[in-house]
Amino acid sequence: MRPVPALIALSTLTAAPALAQNHFATQPKADDVFYHIMPIAWRDGPDSDITDPDRFGDLVGMREGLPYLDDLGVTALWMNPIFPSPAYHGYQHGAADSINPWFGTQADFADFNTAAHALGIEVYIDFVVYGVSHNSPWFSSAFGNPSSPFDDWLAFWNGGNTDYQGYTFNTWNGNGVGFIHWDLRTPAATSLVSDWAGRAGRRRWP
């Protein structure tokens, strides 16, 4: 059996990079007033082109709600992950360089981020660093396939890549969620996750 790597962190609060400005927030200030948003549960924009009646909040609605938050004195937003995920809360997500289509497009995120910064509101996104969704190319390639180029990127227990550190569950709305831990001893896996986090402003969005 392969030993499973220790968890480096459960999640990290990371500044959301802006498309146009390449803007990265500094460390939160001691007097910042944070407001937490679960995007799916906050506000749906009236001019949104997202037509699925089962969806709730989206990035257009979040942008349109910024003046209200500014009036409250909010100076920083902490958001659940906005990356592709079958889970309503956004965790157990896939690649962190793309937007969950539930919430809109990368252009919608850029507009939201730009509008927030114009009001002096920093944007932080919760980001899971220790694993990735089953709905990802890494798991799809490596599961049951030890010859995959991602064989050592993920925390498989056995040589056949069928037993692994992770889990599956169904959410309240019946969506199936699967999650597998990275093997962060593998430099390529660590580099990918670090790149997503945009350390030192290395990576723009997308």
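Calculation rules
- Residues numbered from 1 in each chain as written.
- Predicted model: local features only at pLDDT ≥ 70, side-chain atom pairs only at ≥ 80, totals over all residues.
- Heavy atoms only, no water.
- Core = buried A, V, L, I, M, F, W, Y, C linked by side-chain atoms within 4.5 Å.
- Buried < 20%, exposed > 50% of the residue type's maximum accessible area, 1.4 Å probe, protein only.
- Helix = DSSP H or I, 4+ residues; strand = E, 2+ residues; numbered from the N terminus.
- Contact = heavy atoms within 4.5 Å.
- pLDDT = per-residue confidence, 0-100.
- Expected span 1.5 Å × (residues − 1).
- Polar contact = N/O pair within 3.5 Å; in protein donor to acceptor, adjacent residues only side chain to side chain.
- Pairing = 2+ DSSP bridges.
- Axes fitted to C-alpha atoms, helices over the stretch in contact; angles between N-to-C directions.

Q: What exactly am I supposed to notice about the nonpolar core here?
A: Note on soluble globular proteins: their nonpolar side chains tend to be buried together. By size, the foremost hydrophobic cluster in this structure holds 40 residues, and its most contacted members are Phe112, Trp138, Leu154 and Trp182. The set of elements that each furnish at least two residues to this core consists of helix H1 (59-64), helix H2 (66-72), strand S3 (76-79), helix H3 (106-118), strand S4 (122-127), helix H4 (137-142) and helix H5 (187-197). Take this core: its biggest share by element is five residues, from H5. Beyond its immediate stretch of four places on either side in the chain, Trp138 contacts Ala95, Val132, Phe150, Trp153, Leu154, Trp182, Leu192 and Trp196.

Q: What is the right way to look at the environment of Pro187 in this model?
A: Along the chain, Pro187 falls in helix H5. By relative accessible area, Pro187 is classed as exposed at 65%. Along the sequence, Pro187 and Asp152 sit 35 residues apart, while their C-alpha atoms lie 9.9 Å from each other.

Q: Any chance you could explain the confidence of the model for the chain here in plain terms?
A: Interpreting fine coordinate detail is not advised for predicted regions of low pLDDT. The predicted model of the chain has a mean per-residue pLDDT of 81, with 78% of residues at 70 or higher. pLDDT under 50 marks residues 199-206. Its contacts with residues more than four places away, or in other chains, come to 27 contacts.

Q: Would you explain unusual backbone geometry in this entry?
A: We note that Gln92 has phi near 55°; this positive angle belongs to a residue other than glycine. Mapped onto the secondary structure, Gln92 falls in the loop between S3 and H3. Judged by relative accessible area, Gln92 falls into the buried class, the value being 11%. The phi dihedral of Asn161 falls on the positive side, at around 60°, and the residue is not glycine. Within the secondary structure layout, Asn161 lies in the loop between H4 and strand S6 (166-170). Asn161 sits in the buried class, given a relative accessible area of 0%.

Q: Any chance you could explain H3 here in plain terms?
A: Three- or four-residue spacings in an α-helix give side chains the same orientation, since the helix completes a turn every 3.6 residues. Spanning 13 residues, H3 covers 18 Å between terminal C-alpha atoms, matching the ideal 18 Å at 1.5 Å per step. The set of residues buried in H3 consists of Asp108, Phe109, Ala110, Phe112, Asn113, Ala116 and His117. Of the surrounding elements, those touching the buried residues of H3 are H1, H2, S3 and S4. Regarding H3, its N-cap is Thr105, as a side-chain oxygen of that residue lies 3.3 Å from the backbone nitrogen of Ala107 further along. Trailing H3 by a residue or two, Gly120 shows a phi angle of about 80°, which is positive.

Q: Teacher, can you tell me more about the sheet that holds S6 here?
A: The strands making up a sheet are joined through hydrogen bonds of the backbone, oriented either antiparallel or parallel. An order of S5-S7-S6 is seen for the three strands of this open sheet, with the pairing classed as antiparallel. What marks the edges here is a single partner per strand, and that holds for strand S5 (131-133) and S6. Neighbour to neighbour, the strand axes of the sheet diverge by 20° on average, direction disregarded. With three bridges joining them, S5 and strand S7 (residues 176-181) adopt antiparallel strand pairing.

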